[in-house]
Amino acid sequence: MTSKTLSGPAAIASLPRNRLLGEFSLWSADLANMETDLKRIEPHVDLHHIDVADARFTPGFLFFPDFVARIAKSTARPIHVHLMVEAEIVEEQTRQFIEAGADLISIHAENGEAGLRAVALAKELGAEAGVVLRLETPVSAIKPFIDHTAFVTLLGTSIGVKGQSLSEKACGRLIEARALLRQAGREDQVILAADGGIREQTVPELRAAGAQTVVLGSLAFGDKDLSKRMEWLHGLESRLP
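Below or above, wherever it landed, is the structure these notes cover. The structure displayed is predicted, hence computed values, not measured ones.

## Section: the side chain of Arg229
Then, in step 1: Position of Arg229 among the secondary structure elements: in helix α9 (residues 226–234).
Then, in step 2: The buried category is assigned to Arg229, whose relative accessible area is 15%.
Then, in step 3: Here the side chain of Arg229 touches Leu219 through a polar contact of 3.4 Å, landing on its backbone oxygen.
Then, in step 4: Those residues in contact with Arg229, other than ones at most four positions away along the chain, are Glu200, Leu219 and Asp223.

In structure tokens form, the structure reads like this:
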């Protein structure tokens, strides 16, 4: 068992802010050898990203609380659970995944008032909260969540499908989101994340558009020399607008 020195909001607040973060999506790990893959990536991870899907909000099912509880015993890194679920279950799912060991729960703005209640519940239970937007949702939908969250994640591809190319709208949406954070006086408190379409050629574009973390799938797990990959990632210049 691996013990964490920090959890919840303290773990998220301690993430580096002077470079691009490496957020590893466990959807791309070797699911048949998860413990081995966790040990391999542990020295390089800033944040584990776990997608949860109910096959209604998204095309298929993904992951469950017992899975997260087992992972939480095998890593000292923070765990970010992305809840891709319908509004009627988002609060209960928030509770279950925090009890399983999630440090950060990101809720879809499309969940509306139920999403805001889930954000409040996450904080009440001692976790940090974030907000996520589908590619087709106006960026302005994050406004009700900005004062209550530490992460804003924008999807750059259609939700719940692997292997898609980055949308031509993705970078412009990141720039718009950063402007909204700046207007709200929260630019220094909220981490802006890009999820989907993460490729070697798109990461510099996303970074230049304002992304402070990118959700890495095959770009990380498929790389035989992960140390060099992360050196490249961390060395990308910040050219925030």
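## Observations concerning empty space enclosed by the protein
Then, in step 1: Counted by the stated rule, this structure contains one cavity of 30 Å³ or more.
Then, in step 2: Each pocket or cavity is described by its volume, and for the largest cavity that value is around 50 Å³.
Then, in step 3: Surrounding the largest cavity, Leu154, Leu155, Gly156, Leu166, Ala170, Arg173, Leu174, Ala194, Asp195, Gly196 and Leu206 form its lining.
Then, in step 4: Top element by residues in the lining of the largest cavity is helix α6 (residues 170–183). It accounts for three residues.

## Some details on the layout of surface pockets
Then, in step 1: By volume, the largest pocket is sized at about 400 Å³.
Then, in step 2: If you go around the largest pocket, you meet 26 residues; those closest to its centre are Trp27, Val161, Lys162, Asp195 and Gly196.
Then, in step 3: For the lining of the largest pocket, the secondary-structure elements that each account for two or more residues are β2 (47–54), β4 (79–84), β9 (213–216) and α8 (218–221).
Then, in step 4: Considering only enclosed or pocket space, the second largest pocket measures out at about 180 Å³ in volume.
Then, in step 5: As for the second largest pocket, its lining consists of Thr5, Leu6, Ala11, Ser14, Leu15, Pro16, Val45, Asp46, Ala76, Arg77 and Pro78.
Then, in step 6: Each residue belonging to the lining of the second largest pocket can be placed in one class, and the counts come to seven nonpolar, two polar and two charged.

## Considerations on the pairing of strand β5 (residues 104–108)
Then, in step 1: Where burial is concerned, most of β5 is hidden: five out of the five residues are buried.
Then, in step 2: Because side chains alternate across β5, one face comprises the buried residues Leu104, Ser106 and His108, and the other comprises Ile105 and Ile107, equally buried.
Then, in step 3: Relative to β5, β4 is paired through four bridges, and the arrangement is parallel. By the bridge assignment for β5, His80 is matched with Leu104.
Then, in step 4: Taken together, β4, helix α4 (residues 87–100) and β5 constitute a β-α-β crossover, and its handedness is right-handed.

## Things to note about unusual backbone geometry
Then, in step 1: Non-glycine residue Ala55 carries a positive phi angle of around 65°.
Then, in step 2: Mapped onto the elements of the fold, Ala55 is located in the loop between β2 and β3 (61–62).
Then, in step 3: Although it is not a glycine, Phe63 adopts a positive phi angle of roughly 60°.
Then, in step 4: Among the secondary structure elements, Phe63 is positioned in the loop between β3 and α3 (65–72).
Then, in step 5: For Phe63, a relative accessible area of 16% translates into the label buried.

## Comments concerning the pattern of salt bridges
Then, in step 1: Following the criterion strictly, the structure yields ten salt bridges and no others.
Then, in step 2: Among the ionic pairs, Glu91 bridges to Arg117, the shortest N-O distance being 3.1 Å. With Glu91 in helix α4 and Arg117 in helix α5 (residues 112–124), the pair connects residues that are 26 residues apart, well separated along the chain.
Then, in step 3: What makes Arg117 partly exposed here is its relative accessible area of 45%.
Then, in step 4: Glu128 is the partner of Lys123 in a salt bridge, and the nearest nitrogen-oxygen pair spans 3.1 Å.
Then, in step 5: What makes Lys123 partly exposed here is its relative accessible area of 41%.
Then, in step 6: Residue Glu128 is classed as buried on the basis of its relative accessible area of 10%.
Then, in step 7: Residues joined in a network through salt bridges with shared partners are Arg178, Arg182 and Glu187.

## A word on α4
Along an α-helix, residues three or four positions apart point the same way, because every turn accommodates 3.6 residues.
Then, in step 1: Relative to the 20 Å expected for 14 residues at 1.5 Å per residue, α4 spans 20 Å between its end C-alpha atoms, a close match to the ideal helical length.
Then, in step 2: At Gln93, α4 shows its strongest bend, of approximately 25°.
Then, in step 3: Of all the residues in α4, the buried ones are Val90, Gln93, Thr94, Phe97, Ile98 and Ala100.
Then, in step 4: At its buried positions, α4 is contacted by β2, α3, β4, β5 and α5.
Then, in step 5: Following α4 by one or two positions, Gly101 has its phi on the positive side, about 125°.

Rules and cut-offs
Residues numbered from 1 in each chain as written. Predicted model: local features only at pLDDT ≥ 70, side-chain atom pairs only at ≥ 80, totals over all residues. Heavy atoms only, no water. Helix = DSSP H or I, 4+ residues; strand = E, 2+ residues; numbered from the N terminus. Buried < 20%, exposed > 50% of the residue type's maximum accessible area, 1.4 Å probe, protein only. Polar contact = N/O pair within 3.5 Å; in protein donor to acceptor, adjacent residues only side chain to side chain. Contact = heavy atoms within 4.5 Å. 1 Å grid on protein atoms, 1.4 Å probe; cavity = no way out; pocket = protein on both sides within 12 Å on 5 of 7 lines; lining within 4 Å. Points joined across faces, edges and corners; volume = space filled by probe spheres on them. Nonpolar A, V, L, I, M, F, W, Y, C, P; charged D, E, K, R; others polar. Pairing = 2+ DSSP bridges. Right-handed = clockwise from strand over helix to strand, strands pointing away. Salt bridge = Lys/Arg side-chain N within 4 Å of Asp/Glu carboxyl O. Expected span 1.5 Å × (residues − 1). Bend = angle between axes of the 7 residues up to and from the residue.

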